[in-house]
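Below, each chain spelled out in residue letters.
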Amino acid sequence: MSNVKDFAKNLYRLLQIVWKKAGDAIVMTAFMALAIFMTLYLLNPWLNTLDRRGWQCEVESAQVVSGGDGFRTGGAAPHIVVKTKNCGRINVDGKTVDPDRPELAAAKFKSGSQWIFEIGWYSRYIGMPIERRSPSSQEYHKLNE
């Protein structure tokens, strides 16, 4: 039993030494990571307007999704989730979706039709790989238009 006590004392001393040397650095690193995350989260709408790239996608289906029960989606306006054959799922929102009648916008996405979805910087580099969310498009048009 004394071996366990000695081990615990030595571990405690080691942790004290490490904390004295690196504690402030750990706290500052955590603070900076939190500050960066909050800044990106708050600037998300603006960052998604930067460096838009057009993705040509073939529509499989589209459905209207209302705000969810979660903290982030509780008050969200309805948007459209478009399933595509070659681009995955894409969230369509913005001025083009009438919050009172989103079904009209969803009806435009016929199965087999080709659309160009403008995907912004935030959706491509933060939303998809880090947050594991489908990309968001506020601007889109039919391929033939």
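Here, the structure is the one placed above.
Reference entry: report on the structure contained in this document.

**Focus: the pairing of strand E3 (residues 89-92)**
Move 1: In this sheet, E3 lies alongside strand E2 (residues 79-84) in antiparallel orientation, the contact comprising 4 bridges. Residue pairing in the sheet places Ile80 in a bridge with Val92 of E3.
Move 2: Here E2 folds back onto E3 in antiparallel fashion, the turn holding 4 residues, of which Gly88 has a positive phi close to 80 degrees.
Move 3: As paired elements, E3 and strand E5 (residues 136-142) share 2 bridges and run parallel to each other. In the sheet register, Asn91 faces E5, and the bridge partner there is Ser136.

**Considering the sheet that holds E5**
Move 1: Spatial strand order, E1-E2-E3-E5-E4: 5 strands in a closed barrel with mixed pairing. Averaged over all pairs of adjacent strands, the angle between their axes in this sheet comes to 55 degrees, without regard to strand direction.

**Overview of the nonpolar core**
Move 1: Ile80, Val82, Ile90, Val92, Phe109 and Phe117 are the most contacted members of the largest nonpolar core, which totals 15 residues.
Move 2: Going through the elements one at a time, strand E1 (53-65), E2, E3, helix H3 (102-107) and strand E4 (114-119) are the ones with two or more residues in this core.
Move 3: Sort the elements by how many residues they give to this core and E4 lands first, with 3 residues.
Move 4: In this structure, Val82 is in contact with Val59, Ser61, Ala62, Gly88, Arg89, Ile90, Val92, Phe109 and Phe117, ignoring residues within four places of it in sequence.

**A look at the state of the cysteines**
Move 1: Scanning the model with the defined rule gives 1 disulfide in all.
Move 2: Between Cys57 and Cys87 runs a disulfide, and the two sulfur atoms are separated by 2.1 Å. Taking the sign of the S-S torsion, about -95 degrees here, the bridge from Cys57 to Cys87 comes out left-handed. Here Cys57, found in strand E1, pairs with Cys87, found in the loop between E2 and E3; they are 30 residues apart in sequence, far enough to count as distant. Both residues of the pair, Cys57 and Cys87, belong to the buried class.

Rules used throughout
Residues numbered from 1 in each chain as written. Predicted model: local features only at pLDDT ≥ 70, side-chain atom pairs only at ≥ 80, totals over all residues. Heavy atoms only, no water. Pairing = 2+ DSSP bridges. Helix = DSSP H or I, 4+ residues; strand = E, 2+ residues; numbered from the N terminus. Axes fitted to C-alpha atoms, helices over the stretch in contact; angles between N-to-C directions. Core = buried A, V, L, I, M, F, W, Y, C linked by side-chain atoms within 4.5 Å. Buried < 20%, exposed > 50% of the residue type's maximum accessible area, 1.4 Å probe, protein only. Contact = heavy atoms within 4.5 Å. Disulfide = S-S within 2.5 Å.

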